[in-house]
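Summary of the model geometry
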Amino acid sequence: MRLRTLERIADALDVRIDVVPRWRGAALDRLLNAGHSAMHEQVATWLSGRAGWQFRPEVSFSIYGERGTIDLLAFHQGTGTLLVIELKTALVDIQALIGTVDRYARLGPKVAADLGWKASRVSVWVLVSETATNRRRLAAHRTVLRSAFPADGRGMRAWVARPATGIRALSFLAPPREGGATR
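Read on for a plain summary of the structure. Keep in mind it's a predicted model, so treat the numbers as computed, not measured. (Residues numbered from 1 in each chain as written. Predicted model: local features only at pLDDT ≥ 70, side-chain atom pairs only at ≥ 80, totals over all residues. Heavy atoms only, no water.)

**Side note on the pairing of strand β5 (residues 168–173)**
Most of β5 is tucked away: five of the six residues are buried. One ladder, built from six bridges, connects strand β4 (residues 121–129) with β5; its direction is parallel. In the sheet register, V128 faces β5, and the bridge partner there is F172. (Buried < 20%, exposed > 50% of the residue type's maximum accessible area, 1.4 Å probe, protein only. Helix = DSSP H or I, 4+ residues; strand = E, 2+ residues; numbered from the N terminus. Pairing = 2+ DSSP bridges.)

So, in structure tokens, the structure goes:
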């Protein structure tokens, strides 16, 4: 059956069809995840240089039937602040992004407690790879995204230095420059 025929049938039935490329080798997986892995390393390196913060990458959970993996979970002992960090190489499904991050923030204190962290407040930071496409997607959904994540990268730098209140932020992450320096 042709893909277009299958798409028409699915459309008539109000069914979504996802076409996912699969390959018998591991190289495709590495290629698809290379950007996400690079973001992980970049943010972890930056966060490890911030006083008072500790973090764990890829924290998985299963609480009351809800499952997931938080890209980076950070804790500031001095203020009891938990920071849920979500990394996105592409802005695709805006509603799913907001829903996922909200679920992580809601379940974050329980996940943190399992790590021995006693969180008194939860903040979230969505970091999106800086590309022209992602900038266009943010512009197209600016009202919704800024309603969910009002702070930006400039606000986050100051906040991470002194996390005295809760914050919800979305900012772009530029790729590392040659020589390891980042913007």
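**Here we look at the pattern of salt bridges**
One pass over the structure, following the stated rule, counts seven salt bridges. Note that R154 is salt-bridged to D152, the shortest N-O span being 2.7 Å. Taking the relative accessible area as the measure of exposure, R154 reaches 64% and is therefore exposed. Residue classification places D152 among the partly exposed positions, given a relative accessible area of 22%. (Salt bridge = Lys/Arg side-chain N within 4 Å of Asp/Glu carboxyl O.)

**A look at the pairing of strand β1 (residues 53–63)**
With ten bridges joining them, β1 and strand β2 (residues 66–76) adopt antiparallel strand pairing. Bridging across to β2, Q54 finds its partner in F75. The antiparallel pairing of β1 with β2 creates a hairpin that spans two residues between the two strands, and Y64 there sits at a positive phi of about 50 degrees.

**Some points on the packing of aromatic side chains**
Aromatic ring pairs: the centre-centre distance and the angle between the two ring planes describe each pair. Within this structure, the stated rule accounts for four aromatic pairs. Judged by centre distance (5.8 Å) and plane angle (45 degrees), the rings of W53 and W159 are tilted. Separated by 106 residues along the polypeptide, W53 in strand β1 and W159 in helix α6 (residues 153–161) bring together distant segments of the chain. The pair W53 / W159 is uniform in exposure class, with both members buried. Aromatic side chains F61 and Y104 sit 5.8 Å apart centroid to centroid with 90 degrees between the ring planes, which places their arrangement in the edge-to-face category. In this pair, F61 sits in strand β1 while Y104 sits in helix α3 (residues 94–114), placing the two residues 43 residues apart along the sequence. (Phe/Tyr/Trp six-rings, centres within 6.5 Å; stacked < 30°, edge-to-face > 60°.)

**Some points on the sheet that holds β5**
With mixed pairing, the five strands of this open sheet are ordered in space as β1-β2-β3-β4-β5. If you trace the sheet from one side to the other, it starts and ends with β1 and β5, each paired once. When strand polarity is set aside, the average angle formed by the axes of neighbouring strands in this sheet is 30 degrees. As judged from the eight bridges shared by strand β3 (residues 81–88) and β4, these two strands associate in the parallel manner. Bridge assignment links V84 to a residue of β4, and that residue is V124. (Axes fitted to C-alpha atoms, helices over the stretch in contact; angles between N-to-C directions.)

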